[in-house]
Structure formats: C-alpha cells, structure tokens
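Single-letter residue listing:
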Amino acid sequence: MSQASPQSRALVLFSGGQDSSVCLAWALARHDHVETVGFDYGQRHAVEMEQRSVVRQAISARFPQWAGKLGEDHVLDLTGFGAVGDTAMTQERAFEITEKGLPNTYVPGRNLVFLTYAAALADRRKLKFLVGGMCETDFSGYPDCRRETLDALERALNLGMAQDFVVETPLMWLTKAQTWALAKGLGGEDLVDVIVRDSHTCYRGTRGALHEWGHGCGDCPACDLRARGWAEWVEAGRPELTP
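Because the structure is predicted, anything quoted here is derived from the model rather than measured. (Residues numbered from 1 in each chain as written. Predicted model: local features only at pLDDT ≥ 70, side-chain atom pairs only at ≥ 80, totals over all residues. Heavy atoms only, no water.)

For strand 2 (residues 33-40), the buried fraction is high: seven of the eight residues fall into the buried class. In terms of strand pairing, strand 1 (residues 9-13) meets strand 2 through five bridges, oriented parallel. In the strand pairing of strand 2, Leu13 is matched with Val37. Remark: the strand 1/helix 1 (residues 18-30)/strand 2 crossover connection has right-handed handedness. Inspection of the sheet shows strand 2 paired to strand 3 (residues 70-77) by six bridges, in the parallel sense. Among the inter-strand pairings, Val37 is bridged to a residue of strand 3, identified as His74. (Buried < 20%, exposed > 50% of the residue type's maximum accessible area, 1.4 Å probe, protein only. Helix = DSSP H or I, 4+ residues; strand = E, 2+ residues; numbered from the N terminus. Pairing = 2+ DSSP bridges. Right-handed = clockwise from strand over helix to strand, strands pointing away.)

As recorded in UniProt, the feature "binding site: ATP" (unreviewed entry) lies at Phe14, Ser15, Gly16, Gly17, Gln18, Asp19, Ser20, Ser21, Val22, Cys23 and Leu24. In this structure, Phe14 sits in the loop between strand 1 and helix 1. Inspection of the secondary structure assignment puts Gly17 in the loop between strand 1 and helix 1. Judged by relative accessible area, Gly17 falls into the buried class, the value being 4%. (UniProt positions renumbered as here; feature names shortened; annotations may be inferred.)

On to the sheet that holds strand 4 (residues 129-131), then. The five strands are arranged 3-2-1-4-5 in an open sheet whose pairing can be described as parallel. The two strands at the open ends of the sheet, each matched to only one other strand, are strand 3 and strand 5 (166-168). Going from strand to strand, the sheet's axes swing by 25° on average, the running direction of each strand aside. Pairing of strand 1 with strand 4, which is carried by three bridges, proceeds in the parallel orientation. Counted as the bridge partner of Leu11 is Leu130 from strand 4. Helix 2 (residues 47-62) contacts strand 2 and strand 3 of the sheet and is inclined by roughly 175° relative to strand 3. (Axes fitted to C-alpha atoms, helices over the stretch in contact; angles between N-to-C directions. Contact = heavy atoms within 4.5 Å.)

This part takes up the packing of helix 5 (residues 110-125) against helix 6 (residues 147-161). At a minimum axis separation of 11 Å, helix 5 and helix 6 run at an interaxial angle of 35°. Taken as a pair, helix 5 and helix 6 cross one another with a handedness that is right-handed. Contacts between helix 5 and helix 6 involve Asn111, Leu112, Leu115, Thr116, Ala119, Ala120 and Asp123 from the former and Thr149, Leu150, Leu153, Leu157 and Met161 from the latter. Grouping the amino acids of the contact of helix 5 with helix 6 by side-chain chemistry returns eight nonpolar, three polar and one charged. (Left-handed = near helix turned anticlockwise from the far one by under 90°. Nonpolar A, V, L, I, M, F, W, Y, C, P; charged D, E, K, R; others polar.)

Side chains that carry opposite charge are capable of pairing whenever their charged atoms lie near each other. The final tally for this structure, using the stated rule, is 17 salt bridges. Across the pair Asp190 and Arg62 runs a salt bridge, and its minimum N-O distance is 3.3 Å. One end of the pair, Asp190, is in helix 7 (residues 176-198); the other, Arg62, is in helix 2, and 128 residues separate them in sequence. Given the relative accessible area of 39%, Asp190 is considered partly exposed. A residue is classified by how much of its surface remains accessible, and Arg62, at 33% relative accessible area, is partly exposed. Linking Lys128 and Asp164 is a salt bridge whose minimum nitrogen-to-oxygen distance equals 3.7 Å. Of this pair, Lys128 sits in the loop between helix 5 and strand 4 while Asp164 sits in the loop between helix 6 and strand 5, placing them 36 residues apart in sequence. Exposure remark for Lys128: the relative accessible area of 23% places this residue in the partly exposed category. (Salt bridge = Lys/Arg side-chain N within 4 Å of Asp/Glu carboxyl O.)

In the numbering used here, UniProt assigns the "binding site: Zn(2+)" (unreviewed entry) feature to Cys202, Cys217, Cys220 and Cys223. These annotated residues cover 22 residues of sequence, but their C-alpha atoms sit close together, with the largest distance between any two at 6.9 Å. Looking at the element boundaries, Cys223 is found in helix 8 (residues 221-235). Residue class for Cys223 comes out buried when judged on its relative accessible area of 1%.

As structure tokens, this is what we get:
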C-alpha cells in the first residue's frame, strides 16, 4: 500500500462507465493513493457493477506505474434509495422526457446521495479528495451534475463533518470528444483501449458486439452520447488532451 500523505489520498466514485473510468485514471495520475466506491441502487442491470472489477484489473495490469497506488474497492448498498427514485434507471420502461423537461433516466438527488455516502466513507478512510465524473457540458440536463450544485454540497459536507474535503470533477467542462482525448492524454492508446473494451455505459446493459466506441445497444441516450463523442474525436484526428 502506498505511504501517501493524507493530502494526496482520493476516493473515486466509480461505476465502471466511461466517465468514471477516465476519472479513475486521472486520479491515479494525480494522487498518491486512490480507492474506489461503487453504489448498488437497484440499477435495471448489473453490467456496470460487474465491469468495475474488470476495469480496475485492466488498469493495474497495463499501467504498472499506477498499480501500486490503487487501493481498496468499496461497494455500498443503496437499493432503498433507488426504489424511491422510480426512474428508467431502475425499472424497465421506455426512455423519454418527463414533464419537467428531464430524461426519465434522471434519479433525483443521486449525485448528492452518492457524494454524501462517499464522504462518510472517506472520513473513516482518511481520504481528502472525492473524485466524480459529473459534467455539465455533454450531459442530459441533470441538475445534480452542475458545478454550482457540487460546490454547495462540498461546503455542506465540510460543515457537517468538520472536514476539508475537495470534490474534484475533472470532466466538468469537457465534451465527450474531449473525454476521449483526455483518456489518451492520461494513458495513450492503451487507456483508450481499456475504456473501449472494458467500461460500460449502455442504459440497457447490452454488451453484445464490440463497436468502435465500445459495447452497448447503440441507440439508448448513453450509447448515443458516447458514440457521438467518439466520432467527433476521431474526426478531429484522435487528439490528446493533456491533463
């Protein structure tokens, strides 16, 4: 285990999806000790949760400079919260826009709950930095993905826990194309390959055939966003974004 100082210990909110996998690599490149936490909130499929360990293992195997920094993985049971949300993320239903103008994949307050639980865990594990893949550039309009929301929550967590947590959101101002570029900047084509092959974003939980941008059904909102970002990145010449 790394003998990192408390100031460089991080906890990544890690779903096994594209964004959180890039965030994991970002945290490993930036911090001395990195742990991960996943949340079982009654998702309509378990594929993302299953891919979490696959991504972690792939990163450890292919990036020895990071392997020694990667610490424990934690999974927290939030199935009761998922039942309250009553959304297309937890039930088999068509993807559509609600009367509030938000996709019915929006789970009210999910990021607020996730970060609160993560902070409680981080308090006990002496982890100062909370790293999440929230983004308000290429996103679905979720209000709890906005940096303004997270700034308010960061202050509340620090007041309520007498801590000095820092909520880091490395993807906040990036498009999906730039997220692919960041992956390349962090770990070259090897990391891009891990994201493509091993991460999972599809809302339907479809693995199936491997598309050039990864596994997925190809027509749910998550697949569409991921595929469009890939196409834009490729069209731009697969640039590298330096972290």
